Amino acid sequence: MAGQTQTDIRTVAIVAPPAPRRGLRKLTGDAPRQTDTEKMTPGRRVARIAMYLALIVFAIGLLTPFAWMVMSSLKTANEVFSVPVQWFPETIVWQNYIDIWTQSDMLTWIRNTLFLAVVVTFLQVLTGSFAAYGFAKMRFRGRDVLFLLYVGTIAVPWQSYMIPQFILLSNFKVSNTLWAIILLQAFGAFGVFLMKQFYETIPEELSEAARLDGLSEYGIWRRIMLPLSIPALASLTLLTFVTTWNDYLGPLIYLRNPDLWTIQLGLKSFVSNLFDTNYALLFAGLTISVIPIAIIFLLGQKYFVEGIATSGLKG
């Protein structure tokens, strides 16, 4: 009798599922949920469609000049400004991309621009992240006031102190050298602001635990903060690289030797006057100058979006 009772208990235990598990299943949300489409009202659906249409129109308007530039780089010189506008060339002229290399010093221009972009980006990321750690995680008198004054320099236009800065660098004998651009852009208040916003999202307990283990502030910044801030570092790297690559006014003021010209100054030398310029050749050079930026953005867009979203700069 006792054996039969034990067998019945085992059978019931196997056949009947435990009630608490069903309750946990409800609590964990295993029950079927309604999709966003089912919950969406007609008004919200219309608003979302309108938003997508507006984004498509905005994207088309943004990409149209670039498409026209690429198409114009494959035209003859007379077809570029034909009336009415001819979007697609009658005959694709690949020779423009060969001529831009043979008729100009494009390789030197790209090498100078790439050198400046890489060096300036490295220095801005290094100095910006290091200064941001001090403003975000260290306590000292006047920290907030100093940070406000430092970030406030973003609102000051460069043209207002451009002449004193030129005189200073000329006195240091670095004018007409690549060092002038490097010293000019090695520090950036925007990078400090961006990295500080990200560092403040990292729990203070990590720094306190590292200090208890005997790690210095330099070690905390290098071993803890930098590995955790890769998205913000990637965003700052992309923004700084693009800004330096596209800079025109700085090299125009400081780089007078043609051997030091960046790609922007070199392409500007093609424009002698409105009627004598081969714009098809010029657009071929402009297309070449855009390709590195496009590749960098395509490779780093994931980290760029994540870094902006987690740095307190999203709208």
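This write-up is about the structure you can find in this document. (Residues numbered from 1 in each chain as written. Predicted model: local features only at pLDDT ≥ 70, side-chain atom pairs only at ≥ 80, totals over all residues. Heavy atoms only, no water.)

### Remarks on helix H13 (residues 230-245)
Between its first and last C-alpha, H13 extends 22 Å over 16 residues, near the 22 Å set by a 1.5 Å rise per residue. With 12 of 16 residues buried, H13 lies mostly within the body of the structure. Within the sequence span of H13, burial applies to Pro231, Ala232, Leu233, Ala234, Ser235, Leu236, Leu238, Thr240, Phe241, Val242, Thr244 and Trp245. (Helix = DSSP H or I, 4+ residues; strand = E, 2+ residues; numbered from the N terminus. Expected span 1.5 Å × (residues − 1). Buried < 20%, exposed > 50% of the residue type's maximum accessible area, 1.4 Å probe, protein only.)

### Looking at the packing of helix H7 (residues 143-152) against helix H10 (residues 189-199)
Running from N to C, H7 and H10 point in directions that differ by 130°, and their axes come no closer than 8 Å. Here H7 lies oblique to H10, going by the angle between them. The hand of the H7/H10 crossing is left-handed. Facing Phe147, Tyr150 and Val151 of H7, the residues of H10 in contact are Ala189, Val192, Phe193 and Lys196. Split by residue class, the contact of H7 with H10 holds six nonpolar, no polar and one charged. (Axes fitted to C-alpha atoms, helices over the stretch in contact; angles between N-to-C directions. Parallel < 35°, antiparallel > 145°, perpendicular 65-115°, else oblique. Left-handed = near helix turned anticlockwise from the far one by under 90°. Contact = heavy atoms within 4.5 Å. Nonpolar A, V, L, I, M, F, W, Y, C, P; charged D, E, K, R; others polar.)

### A short note on a nonpolar patch on the surface
A surface patch of nonpolar side chains, about 500 Å² in accessible area, is lined by Phe58, Leu62, Leu63, Phe66 and Val290. Here Leu63 is to be found in helix H4 (residues 42-72). (Patch = residues over 30% accessible without salt bridge, like charges linked within 9 Å, V, L, I, M, F, W, Y side chains within 5 Å. Areas by Shrake-Rupley, 256 points an atom, 1.4 Å probe, with all protein chains shown as cover. Salt bridge = Lys/Arg side-chain N within 4 Å of Asp/Glu carboxyl O.)

### Structural notes on empty space enclosed by the protein
One pass over the full model with this rule turns up one cavity of 30 Å³ or more. Space inside the largest cavity adds up to approximately 50 Å³. As for the largest cavity, its lining consists of Thr113, Leu116, Ile181, Gln185, Thr244, Trp245, Asp247, Pro251, Thr262 and Gln264. Of all the secondary structure elements, the ones that give two or more residues to the lining of the largest cavity are helix H6 (106-137), helix H9 (178-185) and H13. Considering only residue class, the lining of the largest cavity consists of four nonpolar, five polar and one charged. (1 Å grid on protein atoms, 1.4 Å probe; cavity = no way out; pocket = protein on both sides within 12 Å on 5 of 7 lines; lining within 4 Å. Points joined across faces, edges and corners; volume = space filled by probe spheres on them.)

### As for the pattern of salt bridges
For the coordinates displayed, the defined rule picks out five salt bridges. For the salt bridge of Glu200 with Lys196, the shortest nitrogen-to-oxygen distance reads 2.3 Å. Lys196 gets classed as buried once you look at its relative accessible area, which sits at 9%. Between Arg211 and Glu204 there is a salt bridge, with its nearest N and O atoms 3.4 Å apart. The class of Arg211 is partly exposed, set by a relative accessible area of 28%. Judged by its relative accessible area of 23%, Glu204 is partly exposed.

### Some thoughts on the environment of Phe115
Locating Phe115 in the fold gives a position in helix H6. Judged by relative accessible area, Phe115 falls into the partly exposed class, the value being 40%. The sequence separation of Phe115 and Trp245 amounts to 130 residues, and the corresponding C-alpha distance is 9.6 Å.

### As for the side chain of Ser72
Looking at the element boundaries, Ser72 is found in helix H4. Setting aside chain neighbours within four positions, we find Ser72 in contact with Val80, Ala280 and Phe283.

### Topic: the packing of H10 against H13
Where H10 meets H13, the closest approach of the two axes is 10 Å, and the angle between their N-to-C directions is 165°. Put simply, H10 runs roughly antiparallel to H13. The crossing of H10 and H13 is right-handed. Between H10, through Phe190, Gly191, Leu194, Met195 and Phe198, and H13, the contact on the second element is made entirely by Ala232, Leu233, Ser235, Leu236 and Leu239. Class assignment of the residues belonging to the contact of H10 with H13 gives a composition of eight nonpolar, two polar and no charged.

### Comments concerning the environment of Thr177
With respect to the helices, strands and loops of the structure, Thr177 is situated in the loop between helix H8 (162-171) and H9. Note on Thr177: relative accessible area 24%, which makes it partly exposed. Setting aside chain neighbours within four positions, we find Thr177 in contact with Tyr254, Leu255 and Leu260.

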